[in-house]
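# Per-entry structural report
Spelled out from the first residue to the last, the chains are:
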Amino acid sequence: MIAEIQTMTSYKYCEKTLQNAMPCVGIGLHGGKKVNMTLKPAPIGTGIVFVRTDVTDKKNTIPATYDRIVDTRLCSCLGNEDGVTVSTIEHLMGALSGFGITNLFIEVDGPEVPIMDGSAADFATLIECAGVLEQDAPLKALKILKEVSFADGKGAEVCLYPAEEGLSIDFMIDFKQSRAIGRQEYSIMLTPRSFKDAVAYARTFGFAQEVEMLRTMGLARGGSLDNAVVVDGDKVINPEGLRSDNEFVVHKTLDAVGDLYQVGMPIIGHFSGVKSGHAHTNTLLRHLMADPSAYEIVTMDEYEESLYQKERKSA
Ligand SMILES: [Zn+2]
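The following refers to the structure shown.

Criteria and cut-off values
- Residues numbered from 1 in each chain as written.
- Predicted model: local features only at pLDDT ≥ 70, side-chain atom pairs only at ≥ 80, totals over all residues.
- Heavy atoms only, no water.
- Helix = DSSP H or I, 4+ residues; strand = E, 2+ residues; numbered from the N terminus.
- Rg over C-alpha atoms; globule rule 2.2 N^0.38 Å.
- Buried < 20%, exposed > 50% of the residue type's maximum accessible area, 1.4 Å probe, protein only.
- Areas by Shrake-Rupley, 256 points an atom, 1.4 Å probe, with all protein chains shown as cover.
- Donors = N, O, S within 2.8 Å, 3.2 Å for Na, K, Ca; no water.
- Tetrahedral: all angles 85-135°; square planar, octahedral: opposite > 155°, others 65-115°.
- 1 Å grid on protein atoms, 1.4 Å probe; cavity = no way out; pocket = protein on both sides within 12 Å on 5 of 7 lines; lining within 4 Å.
- Points joined across faces, edges and corners; volume = space filled by probe spheres on them.
- Nonpolar A, V, L, I, M, F, W, Y, C, P; charged D, E, K, R; others polar.
- Core = buried A, V, L, I, M, F, W, Y, C linked by side-chain atoms within 4.5 Å.
- Contact = heavy atoms within 4.5 Å.
- Salt bridge = Lys/Arg side-chain N within 4 Å of Asp/Glu carboxyl O.
- Pairing = 2+ DSSP bridges.
- Axes fitted to C-alpha atoms, helices over the stretch in contact; angles between N-to-C directions.

With that out of the way, let us pick up the overall build of the protein. Helix and strand counts for the protein come out as seven helices and 20 strands. The C-alpha radius of gyration of the protein comes to 19 Å, within 12% of the 20 Å expected for a compact globule of 315 residues. Projected onto its principal axes, the C-alpha coordinates of the protein cover approximately 60 × 45 × 35 Å. For the protein, the residues scored as buried account for 53% of the 315 residues in total. In the structure as shown, the protein presents an accessible area of about 14,300 Å², 52% of it carried by carbon and sulfur atoms.

Glancing now at the coordination of the zinc ion. Every protein donor of the zinc ion is accounted for by His91 (NE2), His251 (NE2), Asp255 (OD) and Asp255 (OD), and the metal-donor separations fall at 2.1 to 2.7 Å. What the four donor atoms of the zinc ion show is an angle range of 52 to 146° at the metal, which sorts the shape as irregular. Here the donor residues of the zinc ion share one chain and are spaced in sequence as H-x159-H-x3-D. Residue His91 is found in helix H1 (residues 90-99), and its partner Asp255 is found in helix H5 (residues 247-260); the two are separated by 164 residues along the sequence.

Quick look at the layout of surface pockets now. Rolling a probe over the atoms, with the probe sized like a water molecule, indicates the empty space that remains. Counted as a void, the largest pocket has a volume near 1,100 Å³. Along the walls of the largest pocket sit 48 residues, with Leu74, Phe205, Gly206, Glu210 and Lys252 positioned nearest its centre. Elements that contribute at least two residues to the lining of the largest pocket include exactly H1, strand E14 (167-175), strand E16 (205-207), helix H4 (208-216), strand E17 (229-232), H5 and helix H6 (278-289). Along the lines of polarity and charge, the residues of the lining of the largest pocket split into 23 nonpolar, 15 polar and ten charged.

Turning our attention to the nonpolar core. Core analysis: the biggest nonpolar cluster contains 76 residues, and Phe50, Leu96 and Leu288 have the highest contact counts within it. In terms of residue count, H5 provides more of this core than any other element does, seven residues in total. Discounting chain neighbours no more than four positions away, the residues touching Leu288 are Leu142, Ile144, Val148, Leu160, Val263, Ala294 and Tyr295.

Summed over all chains, the structure comprises 14 salt bridges. A salt bridge links Lys59 to Glu81, with the nearest nitrogen and oxygen atoms 3.0 Å apart. Of the two residues, Lys59 sits in the loop between strand E4 (48-52) and strand E5 (61-63) while Glu81 sits in the loop between strand E7 (77-79) and strand E8 (85-86), which places them 22 residues apart along the sequence. According to the relative accessible area criterion, Lys59 is partly exposed, its value standing at 35%. One salt-bridge network, in which partners are shared between bridges, spans Lys59, Arg68 and Glu81.

Spatially, the three strands line up as an open sheet ordered E16-E17-E18, and their pairing is mixed. One side of each edge strand has no neighbouring strand; the edge strands of this open sheet are E16 and strand E18 (235-236). One ladder, built from two bridges, connects E17 with E18; its direction is antiparallel. In the strand pairing of E18, Val231 is matched with Val236. Taken strand by strand, H4 contacts E16 and E17, and its axis lies near 85° from that of E16.

A separate point is the environment of Tyr261. Tracing the backbone through its elements, the reader meets Tyr261 in the loop between H5 and strand E19 (267-274). Residue Tyr261 is classed as buried on the basis of its relative accessible area, which comes to 5%. Taking the C-alpha atoms as reference points, Tyr261 and Ile181, separated by 80 residues in sequence, lie 27 Å from one another. Ignoring sequence-local partners within four residues, the contact set of Tyr261 consists of Ile48, Met93, Leu96, Ser97, Gly100, Ile101, Thr102 and Pro266.

This is how it looks when you write it as structure tokens:
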């Protein structure tokens, strides 16, 4: 599917938050407990910050940045210096990236972001209901200047390449153990429109035998067919089936969008993921940020102007 690319004229490059606070209630995937979450407007320069409202005796704020990721085994889990954590942030982060929200407080009264239906569709709806507020500060972006890659030696590989404009993503998965998934590829140019129409709906997925194992470990207590696609052998056991034939690879794309946004600003570049997960993307971001020659921070309106001048010269 070719994503619709939003024209430059309709998109304003500035910091953004929400117009109104937006509460929601859901359950945590692993703890299985009810979680209240409120998305709250935040001033210019705040970034994306989680606030654990149930924690009163320790520092309860956790900025959503790649260097605060403390666990990537099952989801992306953030922690602060007092050991206060919040898990399963990636689908919400994906929605914030998709809609270009740069400043937000996310209050949660427990250790997990609610899983909702396992996709980012509800988060996209919450953002749209709250309304996006353009703030009076120019948008900064991280432009990739040279290829940075990471391979785990077991077949997974992630890479960031330079690109002139925006963030584009390629993803490939190959599940030989299940014909229900098999080999799938997906490509998209990320815009608020393409995120909402083509990425947000894709649900997280797991294998029936894994779900059993996680339950015996005390995890995935909140997991059910209401918030995940469950694959048993060559079959999807959810009675309603898949939302699209390639829902699996689209979900991996959503995870990557959310994980990449932990760099703290939009990326101008191309990301390629092959059979990769949260840990690989996080390692890639650490490699990228450890090499100052691999990126530069640009102010978007100046950058757009320089691209325009370059085009004019070459025309
Ligand atoms: Zn996911």
